[in-house]
Amino acid sequence: MLSQGAIQISVNRRARFERSSAVLRERTAAPKIAAFFLASLLSISPVASKNSASNNLLAQIPAGATGAAQSNLNNISLTIKSLDNSARAIYPSLNRKQHQPCMVGGASVVPVSKEQLEIAEPAADQRVEVEPPCLKALVAVNRNVNPFALDSDIEQPITLRDVLLTATGANLNILESASVLQIHQWAYVNAMTNFLPTVNLGVNEIGLKSTIQLPLKSTGASPGSSTPVTTQVSQIALATPLTVLTSGFNWTPIQGGRLLSRVHAQRHQLRAAGARLTGEISETLLAATHCYWDLMYNTAVLQIRVAAVGTSEEQVRQNTSFSKHGLGTTLDVLQAKAQLAKDRQNLLDQQRIRRSSAIKLAHILNSNLGQDLIPVEKMLRKTCLISPHIPVRQLLSIAIDNRPELKRYEQLRLAARQQINIARADLLPSVSLGGNIFGIASKVGTMSPTYLLNFGVNWQLQGLGTTATTDVATARWQARQAMLQAHQAFLNVCDQVRNSYNETITAERAIDLATNEVLSAQEELRLARLRLASGLSTNLEVLTAQRDLTQARIDQALALVNFNKSQTQVLHDIGLISIDTLTKGSVVDAPLRR
């Protein structure tokens, strides 16, 4: 059984409905000719009853002009019925018996009842149909140019996942960062090779032509005498090549800690390069996703512009027909033609904008700019990637753990600290160990191998140590600069997370408001057409309603795209952006780890 409150609400609604019906009857009964047009728009036969508005109107016409008036009124009735059918084809929401989702300018909206309009509840299904329009409906710019693809002659269907996969494998920024990573990797290996000894191997051929003064004595006997004779040999001539063989090693493992600090610095640089590559991948995924949504948005707006041109053409035909039968003015026709010209120019501009968005996406993908990228998805809908129930503090915690920028600047800060130890190494001694083997051979004779082994400690203070001291001070300030850059990166991350979080929670509300705006604009256009047909309004009100509906459609598509972009931005700002998280289309309820 119904409660007393429910019965009272029902009585109130019935009373409001009866008052509205009474007002409508008074307005439609006021002008006799307006009643005929209203009956035509409502598909009521003008000869259905003897008391109808058309019979009353014919009764006021002289007998001699009844035939001509009847013929003109029949023509006007057929014209209005044709316009009404065209309007219902373009705007299915005008059909009050329509229960299926209707599409206006590429946008799908579920019509609501009177009670729902009074409560102003947002539509449950907010989505926009995205399909390439018919080429005949577009504005031709050249006979040899496709009005949809313009400069392109190749069509390439794509999906969001295709875009992301192509971007990660072909984007120039990612490839450049990968090259930088390889550079730092080999620099790290190079720094570790300094711990190995240096080996010396050499062969020298020396040409000699000289005389050696040597204190040598020679003893011999003279012919015919038994007395020995002693002579002094003071010169030896050398005129033969001299071959010198050398082999050895030199090892300086201790250089004041320079070698170990250099290895640590290169390792931090390598990790920073890896974080930079991860950051470039994240930025590329974000840019590619935004460009893809822009392409979807511009394609949807193109359809809306096509529908607006069709509506303006119908309005021009209607006003021209009214003017021919004396029911309209030349000003109404000129206003409708001006609106049609404006809509056609907007359509032409939108054709160029859509093609520009496809070129921008192809540029990010490093693909052929001559191909026209066409989204495979036929529905622009709200895609939730981050749950609205996650608090911003948890998002900040996820961002601190996963953002590659924070990891990169932290590694750069640690690398800058190692530069202090490298500069301080010039103030400390170095220890070296070396050994050599020499072998000399010539025509004069051979020399046995000579073995050398040395152990040394070298301590050099360039500029009495002031050069190294100033280098240490410079390295300290560079380390402080790196620390400040890391802190600045931390503040930027927190700023980005909070702003993107605020943007996504407000963008979702904008979708509901844009949907209600579309419903309101549809009803505004329907009532404006009825008031114009009944003589209660002017043509300018209909044109204004058409512009409002077109702008409402565009605002709805923009609200959907902005929400999807904001979700992608939050996913990027917390460091969880990837191909899987962008394409699975589910809500992220818990922190993810890379």
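Quantities reported herein were computed from a predicted structural model and do not represent experimental measurements. (Residues numbered from 1 in each chain as written. Predicted model: local features only at pLDDT ≥ 70, side-chain atom pairs only at ≥ 80, totals over all residues. Heavy atoms only, no water.)

## Observations regarding the side chain of S152
Just so we agree on the cut-off: A run of H or I in DSSP counts as a helix once it spans at least four residues, and a run of E counts as a strand once it spans at least two, with each numbered from the N terminus. Pairing of N or O atoms within 3.5 Å defines a polar contact, subject to two protein rules: one partner must be a possible hydrogen donor and the other a possible acceptor, and residues neighboring in sequence count only if both atoms are side-chain atoms. Contacts between residues were defined by any pair of non-hydrogen atoms, one from each residue, lying within 4.5 Å.
Examined against the element boundaries, S152 turns out to sit in the loop between β3 (127–129) and β4 (154–158). Within the structure, S152 has its side chain in polar contact with the backbone oxygen of I154 (distance 3.0 Å). One polar contact links the side chain of S152 to the main-chain amide nitrogen of D372, over a distance of 3.0 Å. When neighbours within four sequence positions are excluded, S152 is seen to be in contact with R355, G370, Q371 and D372.

## Here we look at the nonpolar core
Side chains of a nonpolar character, in soluble globular proteins, are inclined to be buried together. We apply this condition: Nine residue types can take part in a nonpolar core, namely buried Ala, Val, Leu, Ile, Met, Phe, Trp, Tyr and Cys, and a core is a set of them joined through side-chain atoms within 4.5 Å. Working definition: with a 1.4 Å probe on protein chains only, accessible area under 20% of the residue-type maximum means buried, over 50% means exposed, and in between means partly exposed.
Ranked by internal contacts, the top residues of the largest apolar core, which has 56 residues, are Y292, L361, L380, L395, L571 and I574. When contributions to this core are tallied by element, the ones reaching two or more residues are α6 (160–170), α8 (258–324), α9 (330–365), α10 (392–402), α12 (466–533), α13 (539–573) and α14 (579–583). Per-element tally for this core: the top contributor is α8, with 12 residues. Every residue in contact with L395, bar those within four places of it in the chain, is listed here: I386, I390, V497, Y501, V570 and I574. One finds V306, V316, L340 and L347 within the second-largest nonpolar core, a separate group that totals 11 residues.

## Here's the deal with a nonpolar patch on the surface
This is how the line gets drawn: Nonpolar side chains (Val, Leu, Ile, Met, Phe, Trp, Tyr) within 5 Å and like charges within 9 Å form the patches, drawn only from residues with over 30% relative accessible area and no salt bridge. Note on areas: Shrake-Rupley, 1.4 Å probe, and residue coverage restricted to the protein chains presented here. Salt-bridge detection follows one rule: a side-chain nitrogen of Lys or Arg within 4 Å of a carboxyl oxygen of Asp or Glu.
Nonpolar side chains collect at one region of the surface, where V199, L201, F249, W251 and L453 lie side by side and expose about 560 Å² of accessible area between them. When residues of the nonpolar patch are traced back to their parent elements, those giving at least two are β5 (198–207) and β8 (241–255). Within the secondary structure, L453 sits in strand β12 (residues 446–458).

## Side note on the side chain of T289
The topology assignment puts T289 in helix α8. Judged by relative accessible area, which is 1%, T289 ranks as buried. The residues touching T289, leaving out its near neighbours within four places in the chain, are L160, L164, T568 and L582.

## Overview of the pairing of strand β9 (residues 371–375)
Most of β9 sits out of view: 5 of its 5 residues are buried. Of the two faces of β9, both are covered, the one formed by Q371, L373 and P375 as well as the one formed by D372 and I374.

## Some remarks on the pattern of salt bridges
This model, assessed by the stated rule, comprises 14 salt bridges. Put simply, E313 and R344 hold a salt bridge, and the shortest N to O gap is 4.0 Å. Note that E313 is positioned in helix α8 and R344 in helix α9, a separation of 31 residues in sequence. Residue E508 is joined to K382 by a salt bridge in which the shortest nitrogen-to-oxygen separation is 3.5 Å. You can see E508 sitting in helix α12 and its partner K382 sitting in the loop between β10 (379–381) and α10, a full 126 residues away along the chain. According to the relative accessible area criterion, K382 is partly exposed, its value standing at 25%. Several salt bridges converge on common partners, so that one network encompasses D151, R354, R355 and D372.

## Things to note about helix α11 (residues 404–424)
Which entries qualify depends on this criterion: Expected span, for any helix, means 1.5 Å times one less than how many residues it has.
An ideal rise of 1.5 Å per residue puts 30 Å on 21 residues; α11 measures up with 31 Å between its terminal C-alpha atoms. Residues P404, E405, L406, Q411, R413, A415, A416, Q418, I420, I422 and A423 constitute the buried set of α11. If you follow the buried residues of α11, they end up packed against α8, α10 and α12.

## A closer look at the packing of aromatic side chains
Which entries qualify depends on this criterion: Think of it this way: a Phe, Tyr or Trp ring, Trp meaning its six-membered ring, pairs with another when their centres are within 6.5 Å, and the plane angle makes it stacked under 30 degrees, edge-to-face over 60, tilted otherwise. Two conditions define a charge located above a ring, namely a distance within 6 Å from the ring centre to NZ of Lys or CZ of Arg, and an angle within 35 degrees of the ring normal.
Taken as a whole and judged by the stated rule, the model has 1 aromatic pair. Both rings, one in Y292 and one in W293, keep their centres 5.8 Å apart while their planes meet at 65°; by these two values the pair is edge-to-face. Here Y292 falls in the buried class, since its relative accessible area comes to 1%. One residue, K382, lies across the ring of F563, its end atom 5.7 Å from the ring centre. One residue, R408, lies across the ring of Y409, its end atom 5.6 Å from the ring centre.

## Details of unusual backbone geometry
Notably, N366 is not glycine yet its phi reads approximately 55°, a positive angle. Tracing the backbone through its elements, the reader meets N366 in the loop between α9 and β9. Taking the relative accessible area as the measure of exposure, N366 reaches 37% and is therefore partly exposed. Its identity is not glycine, yet L464 carries a phi of approximately 60°, on the positive side. Examined against the element boundaries, L464 turns out to sit in the loop between β12 and α12.

## A closer look at α6
Short version of the rule: Throughout, the arc means the angular range of directions from the helix axis out to the C-beta atoms.
Taken residue by residue, α6 has L160, V163, L164, A167 and A170 as its buried positions. When α6 is viewed along its axis, its buried side chains cluster within an angular range of 160° and face the same direction. The elements touched by buried residues of α6 are β4, α7 (172–192), α8, α9 and α14.

## Quick look at the packing of α6 against α7
Which entries qualify depends on this criterion: Axis lines are fitted through C-alpha atoms, for helices just across the contact stretch, and the angle between N-to-C directions can take any value from 0 to 180 degrees. Here the word oblique covers every angle except those under 35 degrees (roughly parallel), over 145 (roughly antiparallel) and from 65 to 115 (roughly perpendicular). Asp, Glu, Lys and Arg are counted as charged, while Ala, Val, Leu, Ile, Met, Phe, Trp, Tyr, Cys and Pro are counted as nonpolar; the rest, among them Gly, fall into the polar class.
Between α6 and α7, the least distance of the axes is 6 Å, while the angle of their chain directions is 40°. Classed by the angle they form, the pair α6 and α7 counts as oblique. Contacts between α6 and α7 involve A167, T168, G169 and A170 from the first element and L172, I174 and L175 from the second. Among the residues forming the contact of α6 with α7, the class breakdown is 5 nonpolar, 2 polar and no charged.

Distances and angles like these do not, on their own, reveal function.
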